[in-house]
Structures are given as C-alpha cells and as structure tokens.
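So you can see what is in the structure, the chains are spelled out below.
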Amino acid sequence: MTTATTTPLLRVRQLHVDYQTDGGDVAGVAGIDLEVNRGEIVAIVGESGSGKSTLARAVLHLLASNATSRAEELAFNGLDLAGLSRSEWHRVRGAQLALVPQDPTLSLDPLLPVGRQVAETLRIHGLASRSAAPKRAIELLAEAGVDQPEVRAQQLPSQLSGGLRQRALIAAALAGDPELLVADEPTSALDVTVQRQILDRLEQLRSERGLAVLLITHDLGVAADRADRIVVMQHGKVVETGRAAVVLRAPKHEYTKSLVAAAPGLGRTVVRERHFVDASDAPLLELEDVHKTYRIRRGETLDAVGGVSLHIHKGETYALVGESGSGKTTTARVALQLEPATSGRVRFAGEDVTGARGEAARELHRRFQLVHQSPFASLNPLRTIGQTIAEPLREFSVVAPKQRDARVAELLDSVALPPEFASRRPEQLSGGQRQRVAIARALASEPECIVLDEAVSALDVSVQAQVLDLLARLQRETGVAYLFITHDLGVVRELADRVGVLRQGQMVETGYTTEVLDHPTEAYTRALVQAIPGTNLNVAGASQLTGANESND
C-alpha cells in the first residue's frame, strides 16, 4: 500500500456537476471533495447513477454537452485543470491523465484494427515513430493480457470478445505512460484471471513509477483487494470514505452496509430456491460437438470453438465460464443460430435447428432470447426505452396492443426501474440501467431459454442481487432455462446448477457447481477459483482494523 505524499497528485474541492434536461437541471455530483496521491489507488464505489462516472469525466474534462461543472479547486500535478485550453487538454489527456472507459464498443473505432488504434496513441504523443509504433502496440497488447497479440492487432473490434476489446482499451491508455489513470469499470468485462493480471500490472506500474489510479468500480471484491482507500458515493455525494479494509469490514453508513451485504463473497452466501430440474427429461437445449472456425486473413484461421458439447434442461441454469476469448460468447451465438456452426449439431426442444432460417429461425428466437454483453450497443439510440421493450411484444404478438404500455411498465418494474423510464432514451441511462432494460426486453417474449452474456457484469452489487433474485424467481415460476455466461464465479455459485469451463474453445471441466468450484480437478479451473476477487480482505482486513482509529467520514 502507498504512503501519502505532502501534495496530492489530484485535488478536487467542492465539485458540482449539473445536467440540463427537459424537466430541469439534475445534479450529477453535489459538492465532492477528493484527493489522490502519487502511487495511490483510490476506489470510487456506489450504485449505478450515484455519480461515479460523472466525477471521473469531470476530472478529465469529458462531460456531456448538456453538463455544467464548477469547483473551488480542480488541480492535477500543479495544473489548474479548470483553466486549461482545448489544445492544452490535448497534450495532458492521454499523456499525463488517461482514461479507460466503461464501454469498449463505443470507445474503439469499428473500422480500424485494434493494433493501429493503440499505435495511434503512441504517435499522437510522440512516444514512437511511425515505423516503431506497430511493434510497441503489440507489446502493449501483450502487457494488457491479450493472447496472440500479433494476430489480435490485425483484427477489428467486432472480431474480438468484449474482454479482449477492454484489454485493448487498457493497452491504449497505458501507451502514454500517464501519471494518473482514471479507470471506469476497467475489468468489468474480464474473467477473473485476466482481471487479476491487469490489476497486478497496474500495481506493478504503481510500484515502478508511482502511477496513481482512480478506480471506478461496482465490484467491492476488486476494491477490497486493490484499493488503498475507498470512497462511497450515493446520489452524487460522498457518504463514507476511509481505508479499504476499515470501510468494507466495519462500514458505518447504512448505504455502505447494504452494499457490503449484497456483494457475493463479501457479505453473504446466498442459497436461492431453485426450480426442480428433472434430469430424466429430454434436454431443452443440446449442443453436439460444435466447432466454429473464423478466417482471420489469407491462409490463417482461428478456432474459436473446438468440439463443444453441452445440454441444458428446462428450468436449469448452466453457467459457461472461462477467460475472455475462450469461446463462451461464440458458443452461445452458435446455439442461438446467430452464427453458423462450422460443424456439429444444435437441438432445441428436441428439434434440430442447425442452420435454421426464415420462419424456423424466427420461432427459435421467440423461444430462445439473448441479453447482450454490451447494453448500449444493443439498444437503438433513436428509440425510447418503452419502444425498445415493446418491440418483441409487438413482433411476437405477446399481448394485445392496448395492453402493451401496461406490460412495459410491469417489465420495467421487474428489473427495478420506474415506469417513467419508458419515455427516456438509452443515452439518458447509466450503464447498469441500460443493462436492466436489455434484460426486460429479453423477458418480453416469454422465452423458454435465455442466454445471459455477462448480463450482470455492469450492475452494482445491490441491483445485481435484485436481478439475480428476479432471474431465480422467474425460473421458479415459469421454468425458463438460462445459459449464463460470466466471469464472476461468485455469481455462478449463487445462481448456477451446473457449470462448464471453457479454455481456448475446449470444454476442460463440467459438473455440478459446488463440485467444480469447491473441488476442481483441472489446474485451469483451480486458477480461476483462486483469482476470485475479495480474498485479500479476509487476509489483511483484521490487521488493518486493529488500532484503526480513523473516522470513515
């Protein structure tokens, strides 16, 4: 852990940010004080909409056009950030101050290979020549945990998994050798082993050159393991702050207590009542020796899925886990017939749906839904939330036209959103709120099976608990099956009946959840389990609490 310096690297005093809306001004941040020292990791935690990302973007001068900000002091390394010109910001941002944004889909140019985008950062700040930048970009991708970096550097963002796209963003952010890295949910799309690798790398940079990190996260396990200090935000205000172990093991504010209580692995061990699964029944979904090969460039191919077989029964939750790029999402897309299998068979409710087209594909998609990993990319920005949720109601004639508005309100309520959100658009919602909308839309067609592709990774812990409770209740009531793709093994333990572990497109271990997580037989599975965040709190927490006389104010 770091030792505080005399002069903070970043100092924020009485920061206020207001958003202008049709209904009047809305406060995003209301009087925040914050300091970050050289070599310090400060975690900002709180629910979606609490103001965490607004605070980060205010520091970086990246607020939305309808936002206004004011502060008594906003200083970085002796610079008055509030007084910087546009050209001065171009020199500072990326070189001294860098951002890892929350959504890689929106932050990467879809038309440029990721290696070229990392190299661009190097060239903009004069850190590498035109000839040297591509090689250094490959090195940065490797340092950020990207496998086959020479191959990945040539790929477009659309050809990479969400986790690989996030690692490309981290590589680009580190390219400028910044003094302060503002990381907005930098590991939310990453599996636990790569998450640990990235965070280990940030800690190494902290030790080697005093890199400071302002870590925006909903994952209290990550905050517990990695942060020197924690700042808890609610409704745009700081409600509690202090050393990580002190805040998380002995929270004083009721809101902090509720966050800790809802965090898998930190505050609770949940055993949810589950739907009875009759394993003697025919499976609802079957994948038999499925292969999927992509052509990368002339003469080169990538085996994304190499002979995966699995089955899911009605009312069962099957979790698919593994590192980013292991083939989890590709396997799900083949199951949904959104991608054609190179070979193998897919059966749904006893019918062979391999290569389904036309009306057969339409009927399959009514009964078999998907919640995407990136909620913003999957929501039409031109449609209101109500129109988005109503689309499957209309498309599949689920309810009569006069009942659609009422059903939309019910679906919003089921994912803990108020009915007035029906009139909002995606850009007016936080990342976690957008994900809840995506879940509500998937539920609208009353499907028999839902693929949940990192469906709770963008949610804060309290809303995550609500959504997991919702999914469990819906399963008990309707018998819907879930193919649950996630990197969060704490969530797997809470929700899944069985789990399959993928590595490089191969199924390396499968079985009942408690057996696989408590007694893994494969070294790869053991590595996943050992990398679950939050374990450091149990080891270091007692020593940090002993003699801790500071006030968590």
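Here the structure is shown first, and the text comes after it.
Residues numbered from 1 in each chain as written. Predicted model: local features only at pLDDT ≥ 70, side-chain atom pairs only at ≥ 80, totals over all residues. Heavy atoms only, no water.

Q: Could you give me a rundown of the overall build of the protein chain, with the residues and numbers involved?
A: Across its full length, the protein chain carries 22 helices and 21 strands. Dimensions of the protein chain, computed from the C-alpha atoms along their principal axes, are close to 70 × 55 × 50 Å. With 553 residues in all, the protein chain has 55% of them scored as buried. Of the contacts formed within the protein chain by residues at least 6 apart in sequence, a portion of 70% connects residues at least 24 apart. Here the protein chain displays about 23400 Å² of accessible surface, and carbon together with sulfur accounts for 47% of that area. (Helix = DSSP H or I, 4+ residues; strand = E, 2+ residues; numbered from the N terminus. Buried < 20%, exposed > 50% of the residue type's maximum accessible area, 1.4 Å probe, protein only. Contact = heavy atoms within 4.5 Å. Areas by Shrake-Rupley, 256 points an atom, 1.4 Å probe, with all protein chains shown as cover.)

Q: Go over the side chain of Asp-453 with me, naming the residues and quoting the values.
A: One can find Asp-453 in strand β18 (residues 449–453). The side chain of Asp-453 sits in the buried core without any salt bridge; Lys-328 is the nearest counter-charge, 6.9 Å away. Polar contacts involving the side chain of Asp-453 include one to the side chain of Thr-329, which spans 2.9 Å. (Lys, Arg positive; Asp, Glu negative; His and termini not counted. Salt bridge = Lys/Arg side-chain N within 4 Å of Asp/Glu carboxyl O. Polar contact = N/O pair within 3.5 Å; in protein donor to acceptor, adjacent residues only side chain to side chain.)

Q: Tell me about the sheet that holds strand β17 (residues 368–371), and please be specific about residues and values.
A: Across the sheet, six strands lie side by side as β17-β18-β19-β14-β20-β21; this open sheet has mixed pairing. Looking at strand neighbours, the two that pair on one side only are β17 and β21 (506–512), the edges of this open sheet. Within the sheet, the average angular offset between the axes of one strand and its neighbour, ignoring direction, is 15°. Sheet topology places β18 next to strand β19 (residues 481–485); five bridges connect them, and they run parallel. (Pairing = 2+ DSSP bridges. Axes fitted to C-alpha atoms, helices over the stretch in contact; angles between N-to-C directions.)

Q: Provide a residue-level description of the packing of helix α15 (residues 385–395) against helix α16 (residues 404–414), including the pertinent values.
A: At their nearest, the axes of α15 and α16 sit 9 Å apart, and the two run at 110° to each other. On the basis of the axis angle, α15 is roughly perpendicular to α16. Taken as a pair, α15 and α16 cross one another with a handedness that is right-handed. Across the interface between the two elements, Ile-385, Gly-386, Ile-389, Ala-390, Leu-393 and Arg-394 from α15 touch Arg-404, Arg-407, Val-408, Leu-411 and Leu-412 from α16. The residue inventory of the contact of α15 with α16, partitioned by class, reads seven nonpolar, one polar and three charged. (Parallel < 35°, antiparallel > 145°, perpendicular 65-115°, else oblique. Left-handed = near helix turned anticlockwise from the far one by under 90°. Nonpolar A, V, L, I, M, F, W, Y, C, P; charged D, E, K, R; others polar.)

Q: Which residues make up the nonpolar core, and what are the values?
A: Leu-181, Leu-220, Ile-230 and Val-232 are the most contacted members of the largest nonpolar core, which has 56 residues in total. In contact with Val-232, not counting residues within four places along its chain, are Val-45, Lys-237, Val-238, Val-239, Glu-240, Val-247, Tyr-255, Thr-256 and Leu-259. In this structure, Ile-389, Leu-412, Ala-472 and Val-492 belong to the second largest nonpolar core, which totals 52 residues. (Core = buried A, V, L, I, M, F, W, Y, C linked by side-chain atoms within 4.5 Å.)

Q: Any chance you could break down the pairing of strand β14 (residues 317–322) for me, citing the residues and the numbers?
A: Counting buried residues along β14, six of its six residues qualify, which places the element largely inside the surrounding structure. Relative to β19, β14 runs parallel, the two being bridged by four bridges. When the sheet's bridge partners are listed, Leu-320 is paired in β19 with Ile-485. Sheet topology places β14 next to strand β20 (residues 498–503); five bridges connect them, and they run parallel. Counted as the bridge partner of Val-321 is Val-501 from β20.

Q: Describe the layout of surface pockets, with residues and values.
A: Quantified by volume, the second largest pocket comes out at close to 1200 Å³. What lines the second largest pocket is a set of 50 residues, among which Gln-159, Leu-160, Ser-161, Gly-162 and Thr-330 lie closest to the centre. Listed by contribution, the elements that provide at least two residues to the lining of the second largest pocket are α7 (162–175), β12 (285–297), β13 (300–312), α12 (328–335) and α14 (375–378). When residues of the lining of the second largest pocket are assigned to their parent elements, the largest contribution, five residues, is made by α7. Among the residues making up the lining of the second largest pocket, the classes are represented as 15 nonpolar, 21 polar and 14 charged. (1 Å grid on protein atoms, 1.4 Å probe; cavity = no way out; pocket = protein on both sides within 12 Å on 5 of 7 lines; lining within 4 Å. Points joined across faces, edges and corners; volume = space filled by probe spheres on them.)

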